[in-house]
Amino acid sequence: MLNRGVQAMVAVQVRPLSRDVIDAFKASAAKMPEVLSVFVLSGGDDFLLHVGVPDLDALHAFLLDRLSKRREVTGFRSSVIFQQVGNPAPSRLAPSS
């Protein structure tokens, strides 16, 4: 119904690593129609984008035409999602001691 038959997780690295660059990329990525969620990370990758597109050609176009053309993006890796299992009602965790 939403024409998003292919979903992927895309790990993105940006430079220079500054608050301005991170905030600008986060806002820009959140506005991209293909992006379902934006996660800001620590570690080797700076962002994780949950992307939904009609097909693999559209994913390829998103990566080449949208991400790779951004000046601050220095690298990315994509992983296609084959299946998703979720917990619709997570239970409350006990407080840590």
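The structure we're discussing is the one just above.
Quick summary incoming for the structure in this document. From a predicted model like this one, the values you see are computed outputs, not experimental measurements. (Residues numbered from 1 in each chain as written. Predicted model: local features only at pLDDT ≥ 70, side-chain atom pairs only at ≥ 80, totals over all residues. Heavy atoms only, no water.)

Notes on the environment of D57
Stated precisely, the cut-off is as follows: Secondary structure elements follow DSSP: runs of H or I of four or more residues count as helices, runs of E of two or more count as strands, with numbering from the N terminus.
Take D57: it is sitting in helix α2 (residues 56-67). For the pair D57 and V12, spaced 45 residues apart in sequence, the C-alpha separation works out to 19 Å.

Regarding the pairing of strand β1 (residues 6-14)
Formally: Between buried and exposed lies partly exposed: a residue is buried under 20% and exposed over 50% of the maximum accessible area for its type, with that area taken using a 1.4 Å probe on protein chains only. Strands qualify as paired when DSSP identifies two bridges or more between them.
Across the nine residues that make up β1, a large majority, seven, are buried. Direction of pairing for β1 relative to strand β3 (residues 47-53): antiparallel, over a ladder of seven bridges. Along β3, the bridge assignment pairs A8 with V51. Judged from the eight bridges that link them, β1 and strand β4 (residues 73-81) form a sheet pairing that is antiparallel. Directly across from A11, in β4, lies its bridge partner R77.

A short note on helix α1 (residues 19-31)
The criterion, for reference: Multiplying 1.5 Å by the residue count of a helix minus one yields the expected span of that helix. By construction, the arc corresponds to the directions joining the helix axis to the C-beta atoms. We call two residues contacting when some pair of their heavy atoms lies within 4.5 Å.
Helix length check: α1 (13 residues) gives 19 Å between terminal C-alpha atoms against 18 Å at 1.5 Å per residue, within 8%. Within the sequence span of α1, burial applies to V21, F25 and A29. Down the axis, α1 shows its buried residues gathered within 50° of arc, on one side only. Away from its buried face by more than 90 degrees, α1 exposes R19, D20, A30 and K31. The elements touched by buried residues of α1 are β1, β2 (35-40), β3, α2 and β4.

Quick word on the side chain of Q13
With respect to the helices, strands and loops of the structure, Q13 is situated in strand β1. Beyond its immediate sequence surroundings of up to four residues, Q13 is in contact with G44, D45, D46, E72, V73, T74, G75, F76 and R77.

Some thoughts on the pattern of salt bridges
We count it as follows: In what follows, salt bridge is the name for a side-chain nitrogen of Lys or Arg lying within 4 Å of a carboxyl oxygen of Asp or Glu.
Counted by the stated rule, this structure contains five salt bridges. Residue D46 pairs with R15 through a salt bridge whose shortest N-O separation is 2.9 Å. With D46 in the loop between β2 and β3 and R15 in the loop between β1 and α1, this residue pair connects regions lying 31 residues apart in the sequence.

Here's the deal with α2
Spelled out, the test is: Any N or O atom pair separated by 3.5 Å or less is treated as a polar contact, with the protein-specific requirement of one donor-capable and one acceptor-capable atom, and with residues adjacent in sequence counted only for side-chain atom pairs.
In this model, α2 (twelve residues) spans 15 Å end to end at C-alpha, consistent with the 16 Å of a helix rising 1.5 Å per residue. Contacts from the buried residues of α2 go to β1, α1, β2, β3 and β4. Looking at where α2 begins, the residue whose side-chain oxygen comes 3.2 Å from the main-chain nitrogen of D57 is D55.

Topic: the nonpolar core
Selection rule: Remark: nonpolar core denotes a set of buried residues (Ala, Val, Leu, Ile, Met, Phe, Trp, Tyr, Cys) joined through side-chain atoms within 4.5 Å.
Ranked by internal contacts, the top residues of the largest apolar core, which has 19 residues, are V12, F25, L49, V51, F62 and L67. Only β1, α1, β3 and α2 provide two or more residues apiece to this core. Residues contacting L67, with those up to four places away along its chain left out, are V10, V12, F25, L49, F62, V73 and F76.

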